[in-house]
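Report on the structure
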2 protein chains.
Amino acid sequence: MNIGQTAKQTGLPAKTIRYYEEIDLIAPHRDANGYRAFSEADLHKLTFLARARALGFTIEDCRTLLALWEDTTRASADVKRIAGEHLATIEQKLTELQAMHATLSTLVASCAGDDRPECPILDGLEPLT
Amino acid sequence: MNIGQTAKQTGLPAKTIRYYEEIDLIAPHRDANGYRAFSEADLHKLTFLARARALGFTIEDCRTLLALWEDTTRASADVKRIAGEHLATIEQKLTELQAMHATLSTLVASCAGDDRPECPILDGLEPLT
DNA sequence: CCTTGACCTTCCAGTAACAGGAACCCCTAT
DNA sequence: ATAGGGGTTCCTGTTACTGGAAGGTCAAGG
């Protein structure tokens, strides 16, 4: 299967698939004309990668997860550790974003948003002398 | 004031301050020896920038906000629009992160995390045939 | 006077994960 | 023969810095 069709099936842009090959996440065969030829296994991997990336795992996490996925003798603890660390990262980002949201939404709500210059948003960014 | 002291006062790394000068967010004077000399106004701006960045505004947003901040004839609507758009971005990221968190925490909770290979996390990333 | 150490300077490279675009090849249909 | 819609590689740019090398400056101590 060519890259265009593979992109459709996996939902990944062709550019991304080429990039994944470049960084050795996948290694599709080549046809005589130089076109990439994706196997079922390649599709499988790409779909796996697409899901892991959608869950926010880094590429390096994905590399490790992919290796564990293919190693049927893995210990689930290894997978759980990676996922757990990522979960902690997500939780931290959530906390930060929620704090930003609280502050910013208060500021935005308090701003008239008209043609006058008075602006509580800028005031909120102003150094408290 | 030299850059080291300025860094302490603003909480920004010296590297970051140099970078802000490079992209023309600030323009401190130079002493005869070539050292940057930060004025009170520079400190003010840097603190403003630090707060805006902490709220997640992009550098380009900061550039605009800084210009509005210094323009006493601004319309608060201009500020509110930028902040509102950023708020929407934050809300979208929050939604995405919450979805990731829900999925991933379920998967992590269901994984034994021992030395056996069975792993619901990997299963969850597996393409549904 | 010399050295040591803490500053400061510029410049170059690298980060994460691609996206955009140029220049060019391949295949099929008209 | 040509037009189009694939495909290929290679190079650059993105965001907001961070790390490090090579070297200038300054105050204090021996």
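Throughout what follows, the structure given in this document is the object of discussion. (Residues numbered from 1 in each chain as written. Chains lettered and ligands numbered in written order. Predicted model: local features only at pLDDT ≥ 70, side-chain atom pairs only at ≥ 80, totals over all residues. Heavy atoms only, no water.)

**What to know about the layout of surface pockets**
Empty space within the largest pocket amounts to approximately 440 Å³. A:Lys93, A:Glu96, A:Leu97, B:Lys93 and B:Leu97 are, among the 21 residues lining the largest pocket, the residues nearest its centre. When residues of the lining of the largest pocket are traced back to their parent elements, those giving at least two are helix H5 (76-110) of chain A together with helix H5 (76-110) of chain B. Looking at the lining of the largest pocket residue by residue, the class counts come to six nonpolar, eight polar and seven charged. (1 Å grid on protein atoms, 1.4 Å probe; cavity = no way out; pocket = protein on both sides within 12 Å on 5 of 7 lines; lining within 4 Å. Points joined across faces, edges and corners; volume = space filled by probe spheres on them. Helix = DSSP H or I, 4+ residues; strand = E, 2+ residues; numbered from the N terminus. Nonpolar A, V, L, I, M, F, W, Y, C, P; charged D, E, K, R; others polar.)

**Description of the pattern of salt bridges**
Between side chains of opposite charge, pairing is possible as soon as their charged atoms come close. Taken as a whole and assessed by the stated rule, the structure comprises 12 salt bridges over all chains. Between A:Lys45 and A:Glu70 there is a salt bridge whose closest N-O contact spans 3.7 Å. Residue A:Lys45 is located in helix H3 (residues 40-54), and its partner A:Glu70 is located in helix H4 (residues 59-70); the two are separated by 25 residues in the primary sequence. B:Arg63 is the salt-bridge partner of B:Glu60, the closest N and O atoms lying 3.0 Å from each other. On the criterion of helical spacing, the pair formed by B:Glu60 and B:Arg63 is a turn pair, its members being three residues apart in helix H4 (residues 59-70). Connected through shared salt-bridge partners, A:Glu21, A:Arg30 and A:Arg36 make up one network. (Salt bridge = Lys/Arg side-chain N within 4 Å of Asp/Glu carboxyl O.)

**Some words on the interface of chain A and chain B**
Taken residue by residue, the interface counts 53 residues in chain A and 53 residues in chain B. Around 4600 Å² of area is buried between chain A and chain B when both sides are counted, 74% of it from carbon and sulfur atoms. Summed over the shared surface of chain A and chain B, the number is 18 residue pairs in polar contact (both at pLDDT 80 or more). Those elements giving two or more residues to the side of chain A that touches chain B turn out to be H3, H4, H5 and helix H6 (120-125) of chain A. Top contributing element to the side of chain A that touches chain B by residue count: H5(A), with 21 residues. A breakdown of the residues in the side of chain A that touches chain B according to their chemical character gives 29 nonpolar, 14 polar and 10 charged. (Contact = heavy atoms within 4.5 Å. Buried area = accessible area lost by both parts, 1.4 Å probe. Polar contact = N/O pair within 3.5 Å; in protein donor to acceptor, adjacent residues only side chain to side chain.)

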